[in-house]
Amino acid sequence: MSEDAAGRLIETGQRIAAAAKGVGRDPDEVTLIAVSKTFGADDIRPVLEAGHRHFGENRVQEAQGKWPELKVECPELTLHLIGPLQSNKAREAVALFDAIHTIDRPKIARALAKEMDKQGRRPQLFIQVNTGEEAQKAGVLAADAVELLALCRDQLGLQIAGLMCIPPVEEEPAIHFAFLDKLAGELGLDGRSMGMSGDFETAVEMGATHVRVGSAIFGARG
Ligand SMILES: *Cc1c(COP(=O)(O)O)cnc(C)c1O
């Protein structure tokens, strides 16, 4: 394995391509989001310089501390919010992020819709589904996803690109990826944000359009 993040980024891309081809998918259908949470601008810059453009952060405030500067250096990058969002952070989230993967309740959907109208920005949006029905985990229950999608689309005028999930740590991720893929299909959504460092190849095989890979690129988070 390469010693630097840029090298590991390339290896990750190759593994995604191999997994996609193995099931007859076009690797270009899969967006690799390099998850840079806990890493600073100096760790991120080599990956930007290697030509990578999609990055993920899980906290609005942390992202505000490093990305405005990096966006000036590289205006065409795409920043994804992959962590839970509080409605009082909707303004900052809409201003900074180009994609938000974690809509999971009406209050957040309403707050985002309001800010998007105000700011004239249209980040790509995903609904997070709590596929493991874990009490502590963010995400809408699958049974309530239709209703949340209808609210977003019909009442708030939000375009939803797809669904996102984080499988329970103790369970076989493939079951959750298959479930999310099926649910997205039933809802007529193309996007499937699923797969992390330990399981992104499985996710690609099961239809992921966005994989969120942190430690396999940037190294352990300490
Ligand atoms: C941190 C994080 C990731 C990346 O995790 P790794 O195991 O480091 O690849 C993916 N998705 C979400 C929602 C995260 O918070």
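Everything here concerns the structure above.
Residues numbered from 1 in each chain as written. Predicted model: local features only at pLDDT ≥ 70, side-chain atom pairs only at ≥ 80, totals over all residues. Heavy atoms only, no water.

**Q** Help me get a handle on the site of the ligand, residues and values and all.
**A** Around the ligand, the neighbouring residues are Val 35, Lys 37, Ile 82, Ile 166, Met 196, Ser 197, Arg 212, Val 213, Gly 214, Ser 215 and Arg 221. Lys 37 places a polar side-chain atom, nitrogen or oxygen, 2.7 Å from an oxygen atom of the ligand. The backbone of Ser 215 places a nitrogen or oxygen atom 2.8 Å from an oxygen atom of the ligand. Contact with the protein chains covers 90% of the free accessible surface of the ligand, which is 390 Å². Looking at the shell around the ligand residue by residue, the classes come out as 5 nonpolar, 3 polar and 3 charged. (Near = heavy atom within 4 Å. Polar contact = N/O pair within 3.5 Å; in protein donor to acceptor, adjacent residues only side chain to side chain. Areas by Shrake-Rupley, 256 points an atom, 1.4 Å probe, with all protein chains shown as cover. Nonpolar A, V, L, I, M, F, W, Y, C, P; charged D, E, K, R; others polar.)

**Q** Describe in detail the packing of helix α2 (residues 41–49) against helix α3 (residues 60–73), supporting the description with residues and values.
**A** Packed helix pairs are specified by the crossing angle of their axes together with the interaxial distance, meaning the distance between the axes. Packing of α2 against α3 leaves a shortest axis separation of 11 Å and a crossing angle of 30 degrees. Overall, the two elements α2 and α3 adopt an arrangement that is roughly parallel. For the element pair α2 and α3, the recorded crossing hand is right-handed. For the pair formed by α2 and α3, the contact residues are Ala 41, Ile 44, Arg 45 and Leu 48 on the first element and Lys 66, Trp 67, Glu 69, Leu 70 and Glu 73 on the second. Here the contact of α2 with α3 is built from residues that sort into 5 nonpolar, no polar and 4 charged. (Axes fitted to C-alpha atoms, helices over the stretch in contact; angles between N-to-C directions. Helix = DSSP H or I, 4+ residues; strand = E, 2+ residues; numbered from the N terminus. Parallel < 35°, antiparallel > 145°, perpendicular 65-115°, else oblique. Left-handed = near helix turned anticlockwise from the far one by under 90°. Contact = heavy atoms within 4.5 Å.)

**Q** Residue-level account of α2, with values.
**A** Those residues of α2 lying buried are Ala 41, Ile 44, Arg 45, Val 47 and Leu 48. On the buried face of α2, the contacting elements are α1 (5–22), β2 (54–57), α3 and α9 (215–218). Immediately beyond the C-terminal end of α2, within one or two residues, lies Gly 51, with a positive phi of roughly 100 degrees. (Buried < 20%, exposed > 50% of the residue type's maximum accessible area, 1.4 Å probe, protein only.)

**Q** Run through unusual backbone geometry, naming residues and quoting values.
**A** A positive phi angle, near 75 degrees, is found at Thr 38, a position not held by glycine. On the secondary structure map, Thr 38 appears in the loop between β1 (31–35) and α2. Although it is not a glycine, Glu 133 sits at a positive phi angle of roughly 50 degrees. In this structure, Glu 133 sits in the loop between β5 (124–128) and α6 (142–155). Taking the relative accessible area as the measure of exposure, Glu 133 reaches 57% and is therefore exposed.

**Q** Just give me the short version of the nonpolar core, but keep the residues and values in it.
**A** Taken as a class, soluble globular proteins show a tendency for nonpolar side chains to be buried jointly. Among the nonpolar cores identified, the biggest contains 66 residues, and Ile 103, Leu 112, Ile 127 and Val 211 are the most heavily contacted of them. When neighbours within four sequence positions are excluded, Ile 103 is seen to be in contact with Ile 108, Ala 109, Leu 112, Leu 125, Phe 126, Ile 127, Gln 128, Leu 148, Cys 152 and Ile 160. (Core = buried A, V, L, I, M, F, W, Y, C linked by side-chain atoms within 4.5 Å.)

**Q** Could you give an account of the pattern of salt bridges, with specific residues and numbers?
**A** Counted under the stated rule, the structure contains 17 salt bridges. A salt bridge links Asp 104 to Arg 105; the shortest N-O distance between them is 2.8 Å. Salt bridges sharing common partners tie together Asp 42, Arg 45, Glu 69 and Glu 73. (Salt bridge = Lys/Arg side-chain N within 4 Å of Asp/Glu carboxyl O.)

**Q** Requested: an account of the pairing of strand β4 (residues 99–103), with residues and values cited.
**A** Both faces of the sheet carry side chains from a regular strand, because those side chains alternate between them. Most of β4 is tucked away, with 5 of its 5 residues classed as buried. Summarising the sheet, strand β3 (residues 78–81) and β4 pair through 2 bridges and their orientation is parallel. Residue His 80 lies in a different strand from β4, and its bridge partner there is Ala 99. Chirality of the crossover, the property in question, places the unit of β3, helix α4 (residues 90–96) and β4 among those that are right-handed. Examined bridge by bridge, β4 and β5 share 3 bridges and lie parallel to one another. Residue pairing in the sheet places Ile 103 in a bridge with Ile 127 of β5. Each parallel crossover has a hand, and the one from β4 via helix α5 (residues 106–119) to β5 is right-handed. (Pairing = 2+ DSSP bridges. Right-handed = clockwise from strand over helix to strand, strands pointing away.)

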